[in-house]
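Here is what each chain is made of, one letter per residue.
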Amino acid sequence: MTIFEKIIAREIPADIVLEKENLIAFRDVNPQAPVHVLIVPKRVLPRLLDAKASDRELLGDLLLAAAEVAKKLELKNGFRVVVNSGPDAGESVPHLHVHVLGQRQMSWPPG
Ligand code: AMP
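What counts, and where the lines are drawn
Residues numbered from 1 in each chain as written. Predicted model: local features only at pLDDT ≥ 70, side-chain atom pairs only at ≥ 80, totals over all residues. Heavy atoms only, no water. Salt bridge = Lys/Arg side-chain N within 4 Å of Asp/Glu carboxyl O. Helix = DSSP H or I, 4+ residues; strand = E, 2+ residues; numbered from the N terminus. Buried < 20%, exposed > 50% of the residue type's maximum accessible area, 1.4 Å probe, protein only. Pairing = 2+ DSSP bridges. Axes fitted to C-alpha atoms, helices over the stretch in contact; angles between N-to-C directions. Contact = heavy atoms within 4.5 Å. Near = heavy atom within 4 Å. Polar contact = N/O pair within 3.5 Å; in protein donor to acceptor, adjacent residues only side chain to side chain. Areas by Shrake-Rupley, 256 points an atom, 1.4 Å probe, with all protein chains shown as cover. 1 Å grid on protein atoms, 1.4 Å probe; cavity = no way out; pocket = protein on both sides within 12 Å on 5 of 7 lines; lining within 4 Å. Sits in = over half its atoms within 2 Å of the grid points. Nonpolar A, V, L, I, M, F, W, Y, C, P; charged D, E, K, R; others polar.

Visitor: I tried to follow the pattern of salt bridges on my own but got confused; where do I start?
Guide: Pairs may arise between side chains of opposite charge once their charged atoms sit close together. All chains considered together, the criterion is met by seven salt bridges. Linking Arg43 and Asp55 is a salt bridge whose minimum nitrogen-to-oxygen distance equals 2.9 Å. Of this pair, Arg43 sits in the loop between β3 (35-41) and α2 (56-72) while Asp55 is found in the loop between β3 and α2, placing the two residues 12 residues apart along the sequence. Judged by relative accessible area, Asp55 falls into the buried class, the value being 5%. When the shortest N-O distance is used, the salt bridge between Asp50 and Arg47 registers 3.4 Å. Residue classification places Asp50 among the partly exposed positions, given a relative accessible area of 28%.

Written out as structure tokens, the structure reads:
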């Protein structure tokens, strides 16, 4: 069971900012920006590389939820959406998630 499945099952606490039938959004425990939220599908898909055409609706819902979180948390000046897939990207939890980062100026290229 991934740590995110435990959050979905309410076995460990999280600061939940949005929940829908197929996904949940909560604040990252180690925030990299004043606002750092993770959007996580309730059904486990380890990473983007494992996504199939049949996951299209879920993938769309994750991005729509990212925009909804940005609106809800009033990230009016912009925000960044990140998906880390695999070791080179620094993926640390094998349960697909979309990072939403905001309320600070981001740099490019990312580290
Ligand atoms: P990634 O490196 O893209 O796999 O991102 C995993 C993220 O999950 C990291 O930013 C962690 O800080 C975050 N994280 C790990 N455990 C928890 C937790 N229990 N609650 C909230 N965020 C977590």
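Visitor: Could you clarify how one ought to interpret the sheet that holds strand β4 (residues 79-82) in this entry?
Guide: The strand order across the open sheet built from five strands is β1-β2-β3-β5-β4, with neighbouring strands paired in antiparallel fashion. The open sheet terminates on both sides in strands that have one partner only, identified here as β1 (16-20) and β4. Averaged over all pairs of adjacent strands, the angle between their axes in this sheet comes to 15 degrees, without regard to strand direction. In terms of strand pairing, β1 meets strand β2 (residues 23-27) through four bridges, oriented antiparallel. The partner of Leu18 across the bridge, within β2, is Ala25. Strands β1, β2, β3, β4 and β5 (98-102) of the sheet are contacted by α2, whose axis makes an angle of about 155 degrees with β3.

Visitor: Before we go on, may I ask you to explain the site of the ligand in this structure?
Guide: Taken together, the neighbourhood of the ligand is formed by 16 residues, with Asp28, Asn84, Ser92, His97 and His99 sitting nearest. One of the backbone N or O atoms of Gly90 is found 3.0 Å from an oxygen atom in the ligand. Ser92 is positioned with one of its backbone polar atoms (N or O) 2.6 Å from an oxygen atom of the ligand. In isolation the ligand offers 510 Å² of accessible surface; the protein chains occlude 84% of this area. Spatially, the ligand is embedded in the largest pocket. Listing elements by their share of the shell around the ligand, those giving two or more residues are α1 (3-8) and β2. Per-element accounting of the shell around the ligand gives the leading share, three residues, to α1. Residue composition of the shell around the ligand, grouped by class: seven nonpolar, six polar and three charged.

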